[in-house]
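# Residue-level structure breakdown
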Amino acid sequence: MTPEIIIAKSAGFCFGVQRAVDLALETAREGKCFTVGPIVHNQSVMTYLAEQGVGYVDDWQDAPPAATLIVRSHGLGRDVWQAIHARQGKTVDATCPCVAKMHKLAAQCEQSGRTLLIIGSRNHPEVRGVVGWCNNHFIAENEVELAEFLKNISQEQSITMMAQATTVRAIWEKCVKTLKKDCTNVEIFDTICGATDARQRETVELAVSCDCMVVVGDRASANTEKLVKLSQQSCDNVVWVENAAQWPCGHTTGKKRIGVTAGASTPDRSIEEVVTVMTEEMKSGTNMNEGFEALLEQTFKTLSTGDRVVATVVGITPTEVQLELGTKHAGYIPIGEISNDPNAKPEDLFTVGQEVEVFVVHVSDNEGVVLCSRKKIETLAHYDVVHDAVKEDVVLEGIVIEENAGGVVVSVNGVRVFVPASLSGVPRETPLSSIMKQKVNLCILEYNGDRRRFVGSIRAAKNLVRDAAFAKVWETLKVGDAVEGEVKSLTKYGAFVDLGGIDGLLHVSEMSWSHVRTPEEFCKVGDVLKVRVIKMNEETKKISLSVKDPAQDPWRNFTEACTVDDIVKVKIVRFAPFGAFAEIMPHVTGLIHISEIAHEHLKSPADALAIEQEVEARILHIDHEKRKISLSIRATLEPPVPVKIDEDSSLDEVVASADSDGTVDVPQDVAEAVEEVIETVEVAEVIEEIVEAVEEAEVAEVAAEIAEAAEETNEE
Ligand code: F3S
């Protein structure tokens, strides 16, 4: 009859150990690091961690001064804790939260002057760490040792008692009873962790109901040893194995129900391997005394480091992917080897039953375990891609994984490419660390065969990407296209707008049909504008843009509505030294030259006009090409009425009657008298001559002549 195998749900890594292992692997990705003491009491896990760059030192002082140290889940005493934090190197704290809580209780105990009593293994690192936080302490391994201790102290002594997290509950309960019986001033903290409680309870339940108990875990693991002892209390047949290779062949024979449990430091993989061997044995119905070993032997010979094999995914956990390699090996890909993408999760990349090609990193003959890598397969596949890109205008994508004195290292799907600082595209004043862990584009400049090193340039890739984007946009754009773009910068004369890899200039005159004085009046950096391409210069590769809609062109409206000689109502909008600008209709203005504002001479347009004033003006001229309009107010005004002078007129009145162009209404004989002079002298002199002539004539006669002449003609 085939026996039933029941695996304890709580078997294997506890939360605290899993957390510590994960933290160590994560830390190792940044560089070599060390744990203070072995992170777990499990050789296969330690071997794997060492392969990933997590070493360990028994004494923290053995580590290099600048090395990163990891405090394992067992925690540390206060002195060591403070000493390693005072070092130059970084410290990563993986102390299990349950243990950290005990450190706090121990420190409080010391502060309040109480005696700390801890129930646990005297030499266990966790216990040594906890007592390191309270000078006045005593360790008892069981109720007998506790009773001995209590004999030597007074009943009133203040005592705080707690338990090593993995203490067997039965021992703890006996100690509680003993303490309560002998002391009156006690504080008791049940610090056995939930994971331990569940594991021990389940182990006892299984041991009671099974005719064979299998405990998987390292011989150095204290909590595994406790599971063995607990199992032995209820089951006569207990097998303690560290791995599948230690399975006593044929031991399943004759069993009805086999329970399997494992210590907190035993990885799932080890449990699975043992169960696989047991299952295989049951399937074959053989004792396998010789068969199993022979089978293993054969299997070990078929796989070697460096092999590439196709495997089937049989299990996925947050920390590894388990594989069926088609042999008797148990294959697995640890989390750090599943992908070159550091953010990849096993469940996103793999499904149970999926076939994947893997690279054999390490074959462990003792344990029948094969460490595989999917990352290396990816890297090998991409090596050729990177090699082919040398000196080609090819842009590859990678992640910056390291910073060193000369530059950075970029991982292109696992292939390491060195990028010198000068080619990193990072400005001089900015640290290279600013691009750490970022995705970047790069070109491959060279491959140094001797140093097996690729050299790349992020800057060259940026230029290539920019040029390609420019060419693409230039190719697709044409004059008249309406596009959207983001304002990148402003200058005195306009705004540069990014059209998706190429900038165009939106000149200030193209920002509105109205007058815009500065680009800032219209837009700011970051604005997204709808623009129209109005010019593309093939030679200079410059693009001119406009936001003005031709359908709304106010000039067209003007020319359809007005023509030369029309009299239009205009509004004065601004002055210039040479005249005034007047708005004829929205966005259409014309110039009234200063000489066209009034009949009389003006020094400034403001002498006769005001901003916002509405006046009538005649359109004198329209320049369609330059879109300019000349206006005249004077042309709409009546000519000035001549000043009449008579015999009583003073000389000033006569002079004042002169027009702005220097003419004056005078009798015929006076006019004839000055005619000759007029022909030969300048206008100002003419006026003087006129004055002289008038002075020489009899004023009464002049007045009479003027009156007569005025009757005859009213001409200028
Ligand atoms: Fe922590 Fe308990 Fe494990 S104390 S390390 S969770 S056994």
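Residues numbered from 1 in each chain as written. Predicted model: local features only at pLDDT ≥ 70, side-chain atom pairs only at ≥ 80, totals over all residues. Heavy atoms only, no water.

### Focus: the pairing of strand β28 (residues 567–576)
One ladder, built from five bridges, connects β28 with strand β31 (residues 614–623); its direction is antiparallel. When the bridges of β31 are listed, Lys 571 appears paired with Glu 614. Count of turn residues in the β28/strand β29 (residues 579–585) antiparallel hairpin: two residues. (Pairing = 2+ DSSP bridges. Helix = DSSP H or I, 4+ residues; strand = E, 2+ residues; numbered from the N terminus.)

### Section: helix α8 (residues 194–209)
Here α8 spans 23 Å end to end across 16 residues, near enough to the 22 Å set by a 1.5 Å rise per residue. Among the structural elements, β1 (4–7), α7 (169–182), β10 (212–216), α9 (222–234) and β12 (257–262) are those in contact with the buried residues of α8. (Expected span 1.5 Å × (residues − 1). Contact = heavy atoms within 4.5 Å.)

### Brief notes about the sheet that holds strand β24 (residues 494–498)
In spatial order, the strands read β23-β24-β25-β27-β26; together these five strands close into a barrel with mixed pairing. If you compare each strand with its neighbour and ignore which way they point, the axes differ by 55 degrees on average. (Axes fitted to C-alpha atoms, helices over the stretch in contact; angles between N-to-C directions.)

### Structural notes on the packing of aromatic side chains
A ring pair, where both rings are aromatic, is described by two values, the distance of the centres and the angle of the planes. Tallied over the entire structure, the rule returns eight aromatic pairs. Considering the side-chain rings of Tyr 383 and Tyr 447, the 6.4 Å spacing of their centres and the 85 degrees angle between planes classify their relative orientation as edge-to-face. Of this pair, Tyr 383 sits in helix α13 (residues 375–388) while Tyr 447 sits in strand β21 (residues 439–448), placing them 64 residues apart in sequence. When its relative accessible area of 26% is taken as the criterion, Tyr 383 is described as partly exposed. For the pair Phe 470 and Trp 474, a centre-to-centre distance of 5.9 Å together with 10 degrees between the ring planes defines the contact as stacked. Here Trp 474 and Phe 470 lie together in helix α14 (residues 458–476), a separation of four residues that amounts to about one turn. Judged by its relative accessible area of 26%, Phe 470 is partly exposed. Lying across the ring of Tyr 332, Arg 269 places its NZ or CZ 3.7 Å from the centre. Above the face of the Phe 581 ring, Arg 574 is positioned so that its terminal group lies 4.3 Å from the ring centre. (Phe/Tyr/Trp six-rings, centres within 6.5 Å; stacked < 30°, edge-to-face > 60°. Buried < 20%, exposed > 50% of the residue type's maximum accessible area, 1.4 Å probe, protein only. Lys NZ or Arg CZ within 6 Å of the ring centre and 35° of its normal.)

### Remarks on a negative patch on the surface
Residues Asp 384, Asp 388, Glu 392 and Asp 393 make up a contiguous surface patch of negative charge. As for its placement among the helices and strands, Asp 384 is situated in helix α13. Residue classification places Asp 384 among the partly exposed positions, given a relative accessible area of 47%. (Patch = residues over 30% accessible without salt bridge, like charges linked within 9 Å, V, L, I, M, F, W, Y side chains within 5 Å. Areas by Shrake-Rupley, 256 points an atom, 1.4 Å probe, with all protein chains shown as cover. Salt bridge = Lys/Arg side-chain N within 4 Å of Asp/Glu carboxyl O. Lys, Arg positive; Asp, Glu negative; His and termini not counted. Charge placed at Lys NZ, Arg CZ, Asp CG, Glu CD.)

### Quick word on the side chain of Thr 160
For Thr 160, the position within the fold is in strand β8 (residues 159–163). A polar contact of 2.9 Å, which involves the side chain of Thr 160, links it to the side chain of Arg 114. Residues within four places of Thr 160 in sequence aside, it is in contact with Cys 109, Arg 114, Thr 115, Leu 116, Leu 117, Glu 187 and Phe 189. (Polar contact = N/O pair within 3.5 Å; in protein donor to acceptor, adjacent residues only side chain to side chain.)

### Some words on the packing of helix α6 (residues 143–151) against α7
Orientation of α6 relative to α7, taken along the N-to-C sense of each, is 20 degrees, at an axis distance of 9 Å. Viewed along their axes, α6 and α7 adopt a mutual orientation that is roughly parallel. The chirality of how α6 crosses α7 is right-handed. Where α6 approaches α7, its residues Glu 143, Leu 146, Ala 147 and Leu 150 are matched on the opposing element by Ile 171, Lys 174, Cys 175, Thr 178, Leu 179 and Asp 182. In the contact of α6 with α7, the residues fall into six nonpolar, one polar and three charged. (Parallel < 35°, antiparallel > 145°, perpendicular 65-115°, else oblique. Left-handed = near helix turned anticlockwise from the far one by under 90°. Nonpolar A, V, L, I, M, F, W, Y, C, P; charged D, E, K, R; others polar.)

### As for the pattern of salt bridges
What the rule picks out here adds up to 24 salt bridges. The closest approach of N and O atoms between Arg 269 and Glu 273, which form a salt bridge, is 3.7 Å. Linking Arg 269 with Glu 273, this pair stays in helix α10 (residues 268–284), spanning four residues, or about one helical turn. In terms of burial, Arg 269 and Glu 273 fall into one category: buried. When salt bridges with common partners are traced through the structure, they connect Arg 169, Glu 173, Asp 190 and Asp 197 into a single cluster.

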